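# Descriptive structure summary
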Amino acid sequence: MKKPIIIRGVEAIKKNLNIQTYFIEYAFVAIILIAVAIGSGKGWIEWIGVAAVFLTFGHASIAERLREREALRHLKRSPIEVACYWKLPYYFYAKELLWLLYFVCIGAWSALAGVFVFLAYTPWRSYYRKWHPIREPGE
């Protein structure tokens, strides 16, 4: 099966720049957030939202990688170190849906863009892992 263009694109960027996947993800998120902040016209206050969303994305990115590792340990029947790892997606999607409602109500556009980024992130990682399974020592 031929790899999709998005996967080939990420692979090419990683190879040409010799960087990890998360740098590409961070750059993509930063571009989206900067565009929304500029387009919102709300000034400096929107940039606080951009910074908060970007840092939250960094946290979510690491949490997702930890969840992937625990899931792999579970599949290999290795001892699980964080027994509640499987709850991460439930809390994640529940909080994002509540944030979505809240941000729509108050018109926080950069934060709202962040919700869409976060909602797309876990499916993106699953899609990426389909083509790049976890290997030791891991990404």
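These figures come from a predicted structure and were not determined experimentally.

For the rest of this paragraph, the subject is the packing of helix H1 (residues 5–17) against helix H5 (residues 109–131). The N-to-C vectors of H1 and H5 enclose an angle of 75°; their axes lie 10 Å apart at closest approach. For the element pair H1 / H5, the angle class is roughly perpendicular. Residues Ile-6, Ile-7, Val-10 and Lys-14 of H1 form the contact with H5, whose own contacting residues are Trp-124, Tyr-127, Tyr-128 and Trp-131. Of the residues that constitute the contact of H1 with H5, the class distribution is 7 nonpolar, no polar and 1 charged.

A separate point is the environment of Pro-123. Summarising the element assignment, Pro-123 is placed in helix H5. Residue class for Pro-123 comes out partly exposed when judged on its relative accessible area of 43%. Sequence separation of Pro-123 and Ile-24 is 99 residues, and the distance between their C-alpha atoms is 16 Å.

All right, on to the environment of Gly-39 then. Structurally, Gly-39 is set in helix H2 (residues 21–40). Judged by its relative accessible area of 63%, Gly-39 is exposed. On a C-alpha basis, the gap between Gly-39 and Met-1 in space is 40 Å, while along the polypeptide they are 38 residues apart.

What follows is about the pattern of salt bridges. With the rule as written, the count across this model stands at 9 salt bridges. In this structure, Arg-65 and Glu-25 form a salt bridge, with 3.1 Å as the shortest nitrogen-oxygen distance. With a gap of 40 residues between them, Arg-65 in helix H3 (residues 44–75) and Glu-25 in helix H2 connect regions that are remote in the sequence. Residue class for Glu-25 comes out buried when judged on its relative accessible area of 6%. In this structure, Glu-81 engages Arg-73 in a salt bridge whose closest nitrogen and oxygen atoms are separated by 3.3 Å. According to the relative accessible area criterion, Glu-81 is exposed, its value standing at 63%.

The rules behind each value
Per-chain numbering applies: the sequence of each chain, read as written, is numbered from 1 onward. Where totals are concerned, whole chains, interfaces and linings use all residues; where local detail is concerned, this predicted model gives features only for residues with pLDDT of at least 70, and gives and counts side-chain atom pairs only at 80 or more. As a rule here, side-chain values come from all non-hydrogen atoms in the structure, and water together with hydrogens is ignored. Whenever a helix is involved, its axis is fitted only over the stretch in contact; in every case the axis is a line through C-alpha atoms, and angles between N-to-C directions fall within 0 to 180 degrees. We count a stretch as a helix when DSSP gives it H or I for four or more residues in a row; a strand needs E for two or more, and each element gets its number in order from the N terminus. In these notes the angle categories are as follows: under 35 degrees is roughly parallel, over 145 is roughly antiparallel, 65 to 115 is roughly perpendicular, and the rest is oblique. Pairs of residues are marked as contacts when any of their non-hydrogen atoms sit within 4.5 Å. Polar here means any residue outside two lists: the nonpolar Ala, Val, Leu, Ile, Met, Phe, Trp, Tyr, Cys and Pro, and the charged Asp, Glu, Lys and Arg; Gly therefore counts as polar. Accessibility here uses a 1.4 Å probe with only protein chains present; expressed as a share of the type maximum, an area under 20% marks a residue as buried, one over 50% as exposed, and anything in between as partly exposed. Any Lys or Arg side-chain nitrogen located within 4 Å of an Asp or Glu carboxyl oxygen qualifies as a salt bridge.

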